[in-house]
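# Understanding the architecture of this molecule
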There are 2 protein chains.
Amino acid sequence: MTDPFVIVGGDAAGMSAASKAKREAPDRDVLVFEKGEWVSYAGCGMPYYIKGDVENLEDLVSVTPEEFREQRDVDLRTGHEVVAIDPEAKTVTVEADGERFEQSYGDLLIGTGARAIVPPFDGIDLEGVFTLRSMDQADAIEDYVSDHEPATAAIVGGGYVGVEMAEALDERGVDVSIFEMLPQTLQPFGEETAQVVEEHLREQGVDLHLETAVQGFAGSDHVEAVEVEDDSVSADLVIVGVGVAPNVELAEEAGIEIGETGAIATDEYGRTNYENVYAAGDCAEVENVVTGEPDHVPLALTANRAGRAIGSTVSGEPTETGGTAGTAIVKAFELGAARTGVIDDERAREAGFDPVSVTIDTETRPHYYPGATELTVTLVADRESNRVLGAGLVGPEGTKRIDTVATAVTSGLTVTELQNLDLAYAPPFSPVWDPILTAAKVLSGRLE
Amino acid sequence: MTDPFVIVGGDAAGMSAASKAKREAPDRDVLVFEKGEWVSYAGCGMPYYIKGDVENLEDLVSVTPEEFREQRDVDLRTGHEVVAIDPEAKTVTVEADGERFEQSYGDLLIGTGARAIVPPFDGIDLEGVFTLRSMDQADAIEDYVSDHEPATAAIVGGGYVGVEMAEALDERGVDVSIFEMLPQTLQPFGEETAQVVEEHLREQGVDLHLETAVQGFAGSDHVEAVEVEDDSVSADLVIVGVGVAPNVELAEEAGIEIGETGAIATDEYGRTNYENVYAAGDCAEVENVVTGEPDHVPLALTANRAGRAIGSTVSGEPTETGGTAGTAIVKAFELGAARTGVIDDERAREAGFDPVSVTIDTETRPHYYPGATELTVTLVADRESNRVLGAGLVGPEGTKRIDTVATAVTSGLTVTELQNLDLAYAPPFSPVWDPILTAAKVLSGRLE
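Given the structure is predicted, the values throughout are model-derived calculations rather than measurements.

Relative to chain B, chain A is turned by 180° and slid 0.0 Å along the rotation axis, the superposed coordinates differing by an RMSD of 0.0 Å. Accordingly, the operation relating the two chain copies is best matched by a two-fold axis. Every residue of chain A has its C-alpha some distance from the rotation axis, and the shortest such distance is that of A:Thr404, at 2.4 Å. Both copies contact each other with a shared surface, as 100% of the interface residues of chain A are interface residues in chain B too.

Structure below.
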C-alpha cells in the first residue's frame, strides 16, 4: 500500500491538492495538517466582511472541515502543526495538543502560505493595531470596529490590503488615512494606474500620505495615533498591510531549496529539490510566463491551480502547475484597477527587454451610448520583438479586460497581433475598437 | 503625381481607409464616392436610437462629412454612385445628379457593404414594413413608432436585429412577436446560448415563434398582420431582419473574383484578384483565424480594421487586414450573449476538427459576494489537438469575457493552456476560477 499523501497547510493549495488527489486516487490516504482551525477560506473576501458586504465570516469558507472529512474523505487534522520535515526518512513531525508524533509520507506538499510582514514599529503591540491575513484577524478587526466605533483609522501600506481596507472602513464610518513609504500606492500596478486610484481615494475622503515612513504608534493601552516624521496623526485603529513573506522556515530547515525570490523553488510540476516533496501557493515560486524566470506572486488562483495540479501529479497523472502572469485586480471604492505581465521598466530591463509603453484614456462604450465610463489603459511592449509585456487598467468598469492582455502575454503575442484581435463589439458593451485594441494601435505607432 | 486613392462607399471600411491614407500620405488625393448622404455612422447603434437611449440619430455619426472634408482633407462626394469599374483602364464610372463621369484611380477600395435581405413576402411593400440597415431606415422606423404608436410589432428573424429591436420596441410600449424559421434564435451563438436568451425573451413578454415560416403580411394600406401557416398574428409594425447579403454586383461585373461565401475574395492585405483593387468591410471576405479559410462576417470592427490597414498599404506600408474569429456580442433586454470562433459542430467538422463541447452554469463572482449573476459558458475544442475552437457566453453581466477566448482561439491555445491562464481574480470581479477557466477545467476532463 502506498504511503499517504501528506499536506502541510489547509488553505487554497493544500485543500485543492487534497480534493483532487482523493478524486483521482480515492484509495490512497490523504492527510492534511493545519495548525489553525480555518481551512479552505477566501482570504480575499475578508475586507468585504469587515465592510459589511458579507454577513458572516463563515460565508467565506468554500468547503467546511466536516465536508472535507465526510464527503471528500480527506483526513484533515486542524490544530496540528508540522514542526519538522525529514525528506530522507520521508516523515514529518507533528505537534498537537502538546504531543508530538511522526508521520511518514509517500508524497508531501508544503502549502504553508505566507504571513503578514510586521515591521518592528514602536507600539506595534498596542490594542487596536492589526494585520489582516487570517480569518481570526478579520474577526478581531470586525469586533474592534463594532465595539469601539473608531472615528479614525490609519492604514500602513498602500497595497491591496490598504486600498480594500480604506473602502471597508470608510463604509463603516471611519475617517481613513493611508501611509505609504513609496511615492505611489499599488506599486505592482504601475505609476499611471496608481495615479488614477490615488486621485479617487482622495476624492473619497481618504487622507493619503505618500513617501511617508511610519515611525511608530502612540497610545496608552490602545492605539491613539500614528507617528511619522514631524507629525502625529490621530488613529483609533491601525491596519498594517505592508506585504507578506512566504513561510519557508520549515522547508529551509529540512534542506529544501529556497529560490532567489525567497520562496520555495519548484519545477514546472511544483516539485522541490527533493523527489516527492512539492510546494505550492503563497510559500512557493512559479514561473513567470513573460520572463520565463521563477517568480513569487502570492495570489489565490496560482495557489488553487498549483495545488490541484499537484493533486493530479501525485495520483499518477503528471500535470504542470501553470505559470503566473502576475495578473491582479483590486477594487478601490468605485474604481477597479488591474494589471498583468511585466509593466515596470526596471523589471523589464532586468528580464532582457527594452520596454516601450503608452498610457491612454479611453471609454468603455461608444460616446453615444449611455453610461460609458473612462478606462485608462497602460500597455507595455518590447521594442525589438514587439512582444506585448504587460498592461495596467483602471476605471469604474471594464477592468476585467485585463484578461485579454493576460492571455496575449501568455501566448507571446506581438502588439500587431494584439491589435488585430477580433474582440467583441456592440454599443452596450464596448466601442468598435475595444480600449485594449486602441492602446495597441497607439503603442504600435510608437514602435515604428 | 500618383493617381488618387479612390474609395467606393463611405461607411466603416471606406472612411477608415480614407482617414488612414490621408494621415500616412497627406499629399495624395483621396476620393470617396458615397451614393447616400450618411457616412461613418455606427449602424449598430440604430436600435438604441429607436429604443430612445440615443437622443439624436446624428449622435451615431462619429465623423461628419464636413469634418472629413475640412479637417481630414478627404474629397468626400456624397450622392455619388459608382456604377462601373474598369480594372484594366483603372477607372470608375460615377453617377451624380443624373450625370456620369469617369474617374481614374491609382488604388481602388471597394467598400460597398451589405444590404438587408428582403424575401419576396406578400405585402412586403405595405406601409409599416421595414428593414433596418441604413440610417434613413432607422429614421423612418422611429418616425413610424412615434406617429402611429403601434400596439403590436412582428419581427421576422431572430438574429441581432431581431433581439435588439425586440428590446427597443418593448421599451417603446409595443407588444413584440418574433418569427424565426430555424429552431433557435441567434443561430451563430449556438443552441445552448440561444436557449438562455429565448427563455429571457419570453420572460420579458416577447411572443417567440420558432420554426415558423412567415408567408406574408396582410393589411389594406398599412400592415395589420403577419400570416404564418394556419395563423395570422396582429402586427401594426413589421421589421424584417433575416440577414444581409454583400453588395458584390459592381465588383462581379468588373471581373473581380467573388469567393465561396458570396463576398469579394481578398488576400491578407485585402487585395482582390486585380492589383491595386482592394475590398473591405461587409462586402468582402477575410480569413477565419480558426479554420484558416475565407469567411464572411459582416461586422463593424472587421470593416474598420481592414479599411485602416488598406489605408496604410496603399500609402506604402503593407499592413495585413487581420482575420476574424467571428467574435460577436449582443444585448437582449437584461442579458448579454457573446460568441467567438467555431462553435457549430457541423462547421467544425467541415473545417477538419472533431469538436467536443461542454456547457456549464457558473457565476460571475464568488457566492458570498453581493450581486453575482449566472453566466452560462459553452466551450468547444478539437479532440485530437485539444485546441480551443470557440465559445458562447450568456448572462446578465460578464459576457465581455468572450474576448479571453477570442484571444485564445486566435493564439491557437489548447484547453490545457486556456485552463492555465492567469486571469484576474478579486471577489468584486470574479470567482477564483474565472468562468472561462472553470469551463476549460470541465472540458479538459471530457478530453481525457
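Moving on to the packing of aromatic side chains. Two numbers describe a pair of aromatic rings. These are the distance of the centres and the angle of the planes. In this structure the tally under the stated criterion is 10 aromatic pairs over all chains. For the pair A:Phe33 and A:Phe101, a centre-to-centre distance of 6.0 Å together with 65° between the ring planes defines the contact as edge-to-face. Of the two residues, A:Phe33 is situated in strand β2 (residues 30-34) and A:Phe101 in strand β6 (residues 99-104); the sequence distance between them amounts to 68 residues. Using a relative accessible area of 28% as the deciding quantity, one classes A:Phe101 as partly exposed. Over the face of the ring belonging to A:Trp433 we find B:Arg308, whose NZ or CZ atom lies 5.9 Å from the ring centre.

At the junction of the two partners, chain A supplies 62 residues and chain B supplies 62 residues. Around 5,000 Å² of area is buried between chain A and chain B when both sides are counted, 63% of it from carbon and sulfur atoms. When the buried surface of chain A facing chain B is broken down by residue, A:Tyr368, A:Asp422 and A:Phe429 rank first, second and third, together holding 14% of it. Summed over the shared surface of chain A and chain B, the number is two salt bridges. Between A:Asp434 and B:Lys400 there is a salt bridge, and its shortest N-O distance comes to 2.7 Å.

Below, the discussion takes up the sheet that holds strand β14 (residues 223-228) of chain B. Residue and element names in this part refer to chain B. Read across the sheet, three strands follow the order β13-β14-β15 without closing on themselves; strand pairing throughout is antiparallel. A strand with exactly one partner marks an edge of an open sheet, and here the two such strands are β13 (214-219) and β15 (231-234). Put simply, the sheet's adjacent strands are angled 30° from each other on average, direction ignored. Sheet analysis places β13 next to β14, joined by five bridges and oriented antiparallel. Paired with Ala218 across the two strands is Ala225, which belongs to β14.

Of all hydrophobic cores here, the largest spans 47 residues; its most connected members are A:Met165 and A:Leu169. Not counting residues up to four positions away in its chain, the partners in contact with A:Met165 are A:Pro47, A:Ile50, A:Leu132, A:Ile141, A:Ile155 and A:Ile239.

Let us now look at the UniProt feature "domain: FAD/NAD(P)-binding" (unreviewed entry) in chain A. Under the present numbering, the feature "domain: FAD/NAD(P)-binding" (unreviewed entry) in UniProt falls on residues 5-300 of chain A. Across residues 5-300 of chain A, helical content stands at 24% and strand content at 28%; the span's end C-alpha atoms are separated by 22 Å.

Glancing now at the pairing of β2(A). Residue and element names in this part refer to chain A. Of all the five residues making up β2, five are buried; the element is thus mostly covered by neighbouring parts of the structure. Residues Val30, Val32 and Glu34 line one face of β2 and the alternating positions Leu31 and Phe33 line the opposite face, and both faces are buried. Here four bridges tie strand β1 (residues 5-8) to β2, and the two strands are oriented parallel to one another. Note on β2: the bridge partner recorded for Val8 is Phe33. The β-α-β motif built from β1, the intervening helix α1 (residues 12-24) and the parallel element β2 has right-handed crossover chirality.

Interfaces are often sized by the amount of accessible area the parts lose when they come together. Residues and elements named next belong to chain A. Considered domain by domain, chain A is made up of domain 1 (5-114 + 245-313), domain 2 (118-242) and domain 3 (334-447). Together, the buried faces of domain 1 and domain 2 total about 1,500 Å²; carbon and sulfur atoms form 66% of this surface. Taken as a group, Met46, Ile50 and Lys51 account for 44% of the area that domain 1 buries against domain 2, more than any other trio of residues on that side. If you look at where domain 1 meets domain 2, you find two salt bridges.

Below, the discussion takes up the pattern of salt bridges. For the coordinates displayed, the defined rule picks out 40 salt bridges over all chains. With its nearest N and O atoms 2.8 Å apart, the salt bridge here joins B:Arg28 to B:Asp107. Residue B:Arg28 is located in the loop between α1 (12-24) and β2 (30-34), and its partner B:Asp107 is located in strand β7 (residues 107-110); the two are separated by 79 residues in the primary sequence. Overall, the relative accessible area of 12% leaves B:Arg28 in the buried class. The class of B:Asp107 is buried, set by a relative accessible area of 7%. Here B:Glu397 ties to B:Arg365 by a salt bridge, and the two come within 3.0 Å at their closest N and O atoms. Within this pair, whereas B:Glu397 is found in the loop between β25 (388-395) and α10 (402-411), its partner B:Arg365 is found in the loop between β23 (355-363) and β24 (374-382), the two being separated by 32 residues in sequence. You can call B:Glu397 partly exposed: its relative accessible area is 26%. Each of A:Lys51, A:Asp53, A:Glu167 and A:Lys331 takes part in a single network of salt bridges with overlapping partners.

Residue and element names in this part refer to chain A. Helix α8 (residues 300-313) packs onto α1 with a crossing angle of 30° between their chain directions and a minimal axis gap of 7 Å. By the angle between their axes, α1 is roughly parallel relative to α8. In the crossing of α1 with α8, the sense of the turn from one axis to the other is right-handed. Where α1 approaches α8, its residues Ala12, Ala13, Ser16, Ala17, Lys20, Ala21, Arg23 and Glu24 are matched on the opposing element by Ala303, Asn304, Gly307, Arg308, Gly311 and Ser312. Partitioning the contact of α1 with α8 into residue classes produces five nonpolar, five polar and four charged.

Moving on: a negative patch on the surface. Together, A:Glu260, A:Glu268, A:Glu287, A:Glu293 and A:Glu320 line one region of the surface with negative charge. Along the chain, A:Glu320 falls in the loop between α8 and β21 (328-332).

With that settled, consider the sheet that holds strand β24 (residues 374-382) of chain A. Residues and elements named next belong to chain A. Strand order across the open sheet formed by five strands is β21-β22-β25-β24-β23, with antiparallel pairing between neighbours. Every interior strand has two partners, whereas the edge strands, β21 and β23 (355-363), have only one. Strand after strand, the sheet turns through a mean of 10° between neighbouring axes, direction not considered. The pairing of β24 with strand β25 (residues 388-395) spans six bridges and is antiparallel.

On inspection of all chains with the given rule, the structure shows zero disulfides over all chains. Not part of a disulfide, A:Cys44 finds its nearest cysteine sulfur in A:Cys283, a span of 16 Å.

Attention shifts here to the side chain of A:Thr376. All names here are of chain A. For Thr376, the position within the fold is in strand β24. The exposure class of Thr376 is buried, given its relative accessible area of 5%. Not counting chain neighbours up to four residues away, the residues in contact with Thr376 comprise Val196, Thr359, Ile360, Asp361, Gly392, Leu393 and Val394.

It is worth spelling out helix α5 (residues 160-171) of chain B at this point. All names here are of chain B. The first and last C-alpha atoms of α5 sit 17 Å apart over 12 residues, in line with the 16 Å expected at 1.5 Å per residue. Gly162, Val163, Glu164, Met165, Ala166, Glu167, Ala168 and Leu169 are the residues of α5 that are buried. The first or second residue beyond α5 is Gly173, which carries a positive phi of 85°.

This brings us to the side chain of A:Lys20. The topology assignment puts A:Lys20 in helix α1. Setting aside anything within four residues of it in sequence, one finds A:Lys20 in contact with A:Arg308, A:Gly311 and A:Ser312.

Structural remark: α-helix, 3.6 residues per turn; residues separated by three or four positions point the same way. Under the 1.5 Å per step criterion, the end-to-end length of helix α4 (residues 135-148) of chain A is 20 Å for 14 residues, consistent within 8% with the ideal 20 Å. Two residues or fewer past α4(A), A:Glu149 is found with a positive phi of approximately 40°.

Looking now at unusual backbone geometry. Even without a glycine there, the phi angle at A:Lys90 is positive, about 60°. Position of A:Lys90 among the secondary structure elements: in the loop between β4 (81-86) and β5 (91-96). You will see that B:Leu186, though not glycine, has its phi angle at about 40°, which is positive. On the accessibility criterion, B:Leu186 (2% relative accessible area) is buried.

Attention shifts here to the environment of A:Val297. All names here are of chain A. Take Val297: it is sitting in the loop between β20 (294-295) and α8. The spacing of Val297 and Glu287 is 10 residues in sequence and 9.7 Å in space, taken between C-alpha atoms. Beyond its immediate stretch of four places on either side in the chain, Val297 contacts Thr302, Thr324 and Gly326.

The rules behind the values
Residues numbered from 1 in each chain as written. Chains lettered and ligands numbered in written order. Predicted model: local features only at pLDDT ≥ 70, side-chain atom pairs only at ≥ 80, totals over all residues. Heavy atoms only, no water. Least-squares fit on C-alpha atoms with pLDDT ≥ 70 in both. Contact = heavy atoms within 4.5 Å. Phe/Tyr/Trp six-rings, centres within 6.5 Å; stacked < 30°, edge-to-face > 60°. Helix = DSSP H or I, 4+ residues; strand = E, 2+ residues; numbered from the N terminus. Buried < 20%, exposed > 50% of the residue type's maximum accessible area, 1.4 Å probe, protein only. Lys NZ or Arg CZ within 6 Å of the ring centre and 35° of its normal. Buried area = accessible area lost by both parts, 1.4 Å probe. Salt bridge = Lys/Arg side-chain N within 4 Å of Asp/Glu carboxyl O. Pairing = 2+ DSSP bridges. Axes fitted to C-alpha atoms, helices over the stretch in contact; angles between N-to-C directions. Core = buried A, V, L, I, M, F, W, Y, C linked by side-chain atoms within 4.5 Å. UniProt positions renumbered as here; feature names shortened; annotations may be inferred. Right-handed = clockwise from strand over helix to strand, strands pointing away. Domains from an automatic or database assignment. Parallel < 35°, antiparallel > 145°, perpendicular 65-115°, else oblique. Left-handed = near helix turned anticlockwise from the far one by under 90°. Nonpolar A, V, L, I, M, F, W, Y, C, P; charged D, E, K, R; others polar. Patch = residues over 30% accessible without salt bridge, like charges linked within 9 Å, V, L, I, M, F, W, Y side chains within 5 Å. Areas by Shrake-Rupley, 256 points an atom, 1.4 Å probe, with all protein chains shown as cover. Lys, Arg positive; Asp, Glu negative; His and termini not counted. Charge placed at Lys NZ, Arg CZ, Asp CG, Glu CD. Disulfide = S-S within 2.5 Å. Expected span 1.5 Å × (residues − 1).

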